[in-house]
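The primary structure of each chain is shown beneath.
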Amino acid sequence: MNVRILVTGNMGYVGPAVIRQLRHAWPDACIVGFDTGYFAHCLSGGGALPERVLDAQYFGDVRQIPESLVEGCDAVVQLAAISNDPMGDAFAEVTRSINQDSSLALARMAAAAGVRNYVFASSCSVYGIAQGPARRESDPLNPITAYALSKIGTEQGLAGLDGDMTVTCLRFATACGMSDRLRLDLVLNDFVAGALSTGRITVLSDGSPWRPLIDTTDMARAIEWAVARDAADGGRYLAVNAGRDEANYQVSELAQAVAEALPGTQVSINHDAPADSRSYKVDFSLYRGLAPDHQPLMDLRASIRALVSGLQAIGFSNADYRNSQLIRLHELARHRAEGRLDDGLYWKDAA
């Protein structure tokens, strides 16, 4: 098929799985990556560069993306983002600029260029504090962090976009799993890293918050579906929870599952910690009905096994990993401390 797909933010945690999945789905497509390169060097795959499957890799800031990259594209996948709550809190204005303003500007650019499908990586964090039943797409939203606010702000802007472009906002469950550019600032990944490096899992909360999980490989499958989605299948604009109902877990359950996979691991839960208000269960029935052939395949145990084998393959043993480049906020701070990034997170040598 003569398909051209642009993926922004492809050199992050989820990007390697996404570009592999797209290449598998469309072997003859022209797939192009665009990334600023904050974390390009944070390789953890132990093998070949993941971008080798692309037809081209461009570097630049998504806030300044050239229109020429969008021209002729059939689909645009927007992954580029300040990607979690701690980074969002540290760089609130930049988070809005990158996550929301640039996503909307790119969507308008794509619509004007005649792009057929626009895929935005949103988040279930838009539900924020959500006691009670699992949240459906029609339920009230309660974003409580700069990161979550940027996601729902983008969704709202995309919903009002004029034109015929099919827009899909995938409200992803909490990401987990192995990657060629691994992050350990995610709950399951953190627990596996702690168990492997110290024989101990330290749960910083009281263990009661609920989190839905989705493996990076299943996020990529959802993006493949959204890239090809027809407007008749869910509407021209669609915001949909991406994950599966069985993958709603309390944090304490995740710690116990990792301990069972790695016998001898001790679990320490901070029962005196203040309650973590970020707690929500999510209903994924809409996604199950719309995308029956792209449902998540990796269950919790499979994600844990992949993390364990992947970390062991690269000889991971860093007990101080929470202060390493595998924590994205620390890596941004190091770039700034060493004079590479300014306060707006623009590369100084690109000025």
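Treat the numbers as computed from the prediction; the structure is a model and nothing was measured.

As enumerated under the stated definition, the model contains 4 aromatic pairs in all. Taking 5.8 Å as the distance between ring centres and 50 degrees as the angle between the ring planes, the aromatic pair formed by Tyr 38 and Trp 347 counts as tilted. Here the residue Tyr 38 occupies a position in the loop between β2 (30-35) and β3 (56-59), and Trp 347 occupies one in the segment after α10 (328-337), the gap between them amounting to 309 residues. This pair shows no difference in class: Tyr 38 is buried, exactly as Trp 347 is. Grouping aromatic residues by their ring pairs yields a cluster made of Tyr 38, Phe 39 and Trp 347. Directly above the ring of Trp 210 sits Lys 281, whose terminal nitrogen or CZ lies 4.6 Å from the centroid. Taking the ring centre of Phe 39 as reference, the NZ or CZ of Arg 328 above it sits at 4.8 Å.

Scanning all chains against the criterion turns up 16 salt bridges. Arg 96 is paired through a salt bridge with Asp 101; the nearest N and O atoms lie 4.0 Å apart. By relative accessible area, which is 36% here, Asp 101 ends up partly exposed. In this structure, the salt-bridge partner of Asp 190 is Arg 322, at a minimum N-O distance of 2.7 Å. In this pair, Asp 190 is assigned in helix α5 (residues 187-198) and Arg 322 in the loop between α9 (300-313) and α10, connecting sequence segments 132 residues apart. Residue class for Arg 322 comes out partly exposed when judged on its relative accessible area of 29%. When salt bridges that share partners are traced, they join Glu 331, Arg 334, Glu 338 and Arg 340 into one network.

Another point: the sheet that holds strand β11 (residues 237-242). Spatial strand order, β3-β2-β1-β4-β5-β7-β11: 7 strands in an open sheet with parallel pairing. Looking at the sheet topology across the chains shown, the edges are occupied by β3 and β11. Ignoring which end each strand starts from, the neighbouring axes of this sheet average 20 degrees apart. Note that strand β7 (residues 166-172) and β11 share 6 bridges and pair parallel. Of the residues in β11, the one forming a bridge with Val 167 is Tyr 237. The sheet strands contacting helix α4 (residues 146-159) are β5 (117-123), β7 and β11, and the helix crosses β5 at an angle near 150 degrees.

The rules behind these values
Residues numbered from 1 in each chain as written. Predicted model: local features only at pLDDT ≥ 70, side-chain atom pairs only at ≥ 80, totals over all residues. Heavy atoms only, no water. Phe/Tyr/Trp six-rings, centres within 6.5 Å; stacked < 30°, edge-to-face > 60°. Helix = DSSP H or I, 4+ residues; strand = E, 2+ residues; numbered from the N terminus. Buried < 20%, exposed > 50% of the residue type's maximum accessible area, 1.4 Å probe, protein only. Lys NZ or Arg CZ within 6 Å of the ring centre and 35° of its normal. Salt bridge = Lys/Arg side-chain N within 4 Å of Asp/Glu carboxyl O. Pairing = 2+ DSSP bridges. Axes fitted to C-alpha atoms, helices over the stretch in contact; angles between N-to-C directions. Contact = heavy atoms within 4.5 Å.

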